[in-house]
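# Architecture and fold: a report
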Amino acid sequence: DGGITQSPKYLFRKEGQNVTLSCEQNLNHDAMYWYRQDPGQGLRLIYYSQIVNDFQKGDIAEGYSVSREKKESFPLTVTSAQKNPTAFYLCASRTPSGANVLTFGAGSRLTVL
Amino acid sequence: AQSVSQHNHHVILSEAASLELGCNYSYGGTVNLFWYVQYPGQHLQLLLKYFSGDPLVKGIKGFEAEFIKSKFSFNLRKPSVQWSDTAEYFCAVFSGTYKYIFGTGTRLKVLA
């Protein structure tokens, strides 16, 4: 089955630690996105990437970093500089131009202790 | 800057009632408009989309939405809701900048 796999599903972190959330897709999509979902705030865009080795900041990129070394993979690092990292993180990939529909992963819930 | 506003944060309806959820966007250029739905415990999934042409678009499960360009709106409607429509609904905009922006979401609860 084609889709997006996010791991881990749940993650606990101590303050001051960096953590990396994995996102892998086998849909052969070029574009990938990371969102943060908080109650009452919807989905806020963190980073997005149109092609390998290229990515752009979204609306709330501070305290996060990404890489796009392979088409299938778009990992997100939540750094210690992120002031309020406890949240639900969603990864998505976008079908090519003409459709532009997002396929989402199941999400990763990060809790900072 | 591109943005999306959803005016209803929580909506409670009885079964068979009609539904209309508001969505307004701000962007000066051409956009693709979407409604996504997140059922309890499930992934976000596409409900319907508008690219061009007929401004009234139909989606899955009897949902429809109307694009009104002059009002920058893309409201979601359903004539008669069911208990199974209980979910969170998100309006989204995709533009030529490749940003894909979502609204704050509307939680719909349908009472049986």
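Please refer to the structure higher up on the page.
Residues numbered from 1 in each chain as written. Chains lettered and ligands numbered in written order. Predicted model: local features only at pLDDT ≥ 70, side-chain atom pairs only at ≥ 80, totals over all residues. Heavy atoms only, no water.

## As for the state of the cysteines
Residue and element names in this part refer to chain B. So the rule is basically this: Criterion for a disulfide: a pair of cysteine sulfur atoms at a distance within 2.5 Å. Helix numbering and strand numbering both begin at the N terminus, where a helix is a DSSP run of H or I of at least 4 residues and a strand a DSSP run of E of at least 2. Each residue gets one of three labels from its accessible area relative to the maximum for its type: buried under 20%, exposed over 50%, partly exposed in between, using a 1.4 Å probe on protein chains only.
Applying the stated rule across the entire model yields 2 disulfides over all chains. A disulfide bridge connects Cys23 with Cys91, and the sulfur atoms are separated by 1.9 Å. Looking along the S-S bond of the Cys23-Cys91 disulfide, the torsion reads about -70°, which is the left-handed sense. Placement of Cys23 in the loop between strand 3 (19-21) and strand 4 (24-26) and of Cys91 in strand 10 (residues 87-95) is noted, with a sequence separation of 68 residues between them. Both residues of the pair, Cys23 and Cys91, belong to the buried class.

## Details of the packing of aromatic side chains
For the record, the criterion: Between the rings of Phe, Tyr and Trp (Trp by its six-membered ring), a pair exists once the centres lie within 6.5 Å; its type follows the angle of the planes, with under 30 degrees stacked, over 60 edge-to-face, and the other angles tilted. Definition used: whenever NZ (Lys) or CZ (Arg) falls within 6 Å of the ring centre and also within 35 degrees of the ring normal, the charge is taken to sit over that ring.
On inspection of all chains with the given rule, the structure shows 22 aromatic pairs over all chains. Judged by centre distance (5.8 Å) and plane angle (25°), the rings of B:Tyr100 and B:Phe102 are stacked. As far as burial versus exposure is concerned, B:Tyr100 and B:Phe102 are alike and both buried. Each member of the aromatic cluster is reached from another via a ring pair, and the members are A:Tyr33, A:Tyr35, A:Tyr48, A:Phe104, B:Phe34, B:Tyr36, B:Phe51, B:Phe94, B:Tyr98, B:Tyr100 and B:Phe102. Directly above the aromatic system of A:Phe74 lies the positively charged group of A:Arg68, at a separation of 5.8 Å from the ring centroid.

## Concerning a nonpolar patch on the surface
All names here are of chain A. Applied cut-off: A patch consists of residues whose relative accessible area exceeds 30% and which take part in no salt bridge; residues with like charges are grouped when within 9 Å of each other, and nonpolar side chains (Val, Leu, Ile, Met, Phe, Trp, Tyr) when within 5 Å. With residues, only the protein chains shown are counted as cover, and all accessible areas are computed by Shrake-Rupley using a 1.4 Å probe. Throughout this description, the term salt bridge denotes a Lys or Arg side-chain nitrogen within 4 Å of a carboxyl oxygen of Asp or Glu.
Taken together, the side chains of Tyr10, Phe12 and Leu113 make up a nonpolar region of the molecular surface, amounting to roughly 400 Å² of accessible area. On the secondary structure map, Leu113 appears in the segment after strand 11 (108-112). Taking relative accessible area as the criterion, Leu113 reaches 63% and is therefore assigned exposed.

## Re the pairing of strand 11 of chain A
All names here are of chain A. Counted only if it meets this: Pairs of strands are assigned from DSSP output, requiring at least two bridges between the strands.
Alternating positions in strand 11 separate cleanly, Ser108, Leu110 and Val112 being buried on one face and Arg109 and Thr111 remaining unburied on the opposite face. Bridge analysis of strand 2 (residues 10-13) against strand 11 gives 4 bridges, and the strand direction is parallel. Its bridge partner being in strand 11, Leu11 is matched across the sheet by Leu110.

## Topic: the pattern of salt bridges
By the definition in use, this model includes 9 salt bridges over all chains. A salt bridge links A:Asp38 to A:Arg36; the shortest N-O distance between them is 2.7 Å. A:Arg36 shares its class with A:Asp38; the two are buried. Here B:Lys78 and B:Asp85 are joined by a salt bridge, their closest N and O atoms 2.8 Å apart. By relative accessible area, B:Lys78 is classed as buried at 6%.

## Here we look at the nonpolar core
Heads up, the condition is: Nonpolar cores were defined as sets of buried Ala, Val, Leu, Ile, Met, Phe, Trp, Tyr and Cys residues, with membership established by side-chain atoms within 4.5 Å. By the convention used here, residues are in contact when the closest approach between their heavy atoms is within 4.5 Å.
Of all hydrophobic cores here, the largest spans 49 residues; its most connected members are A:Tyr35, A:Phe104, B:Trp35, B:Tyr36, B:Tyr89, B:Tyr100 and B:Phe102. Broken down by element, this core gets its largest block of residues, 7 residues, from strand 10 of chain B. Apart from the residues within four sequence positions on either side, A:Phe104 is in contact with A:Ile4, A:Tyr35, A:Leu43, A:Leu90, A:Cys91, A:Ala92, B:Tyr36, B:His43, B:Leu44 and B:Phe102. Core analysis: the second largest hydrophobic core is formed by 19 residues, A:Ile60, A:Phe74, A:Val78 and A:Tyr89 among them.

## A closer look at the environment of A:Ser108
Residues and elements named next belong to chain A. Tracing the sequence through the fold places Ser108 in strand 11. For Ser108, a relative accessible area of 1% puts it in the buried group. Through-space distance from the C-alpha of Ser108 to that of Pro8 is 6.0 Å; in sequence the pair is 100 residues apart. Leave out the neighbours within four places in its chain, and Ser108 touches Gln6, Ser7, Pro8, Lys9, Leu21, Ala87, Phe88 and Tyr89.

Remember that the coordinates give geometry; whether it matters functionally is a separate question.
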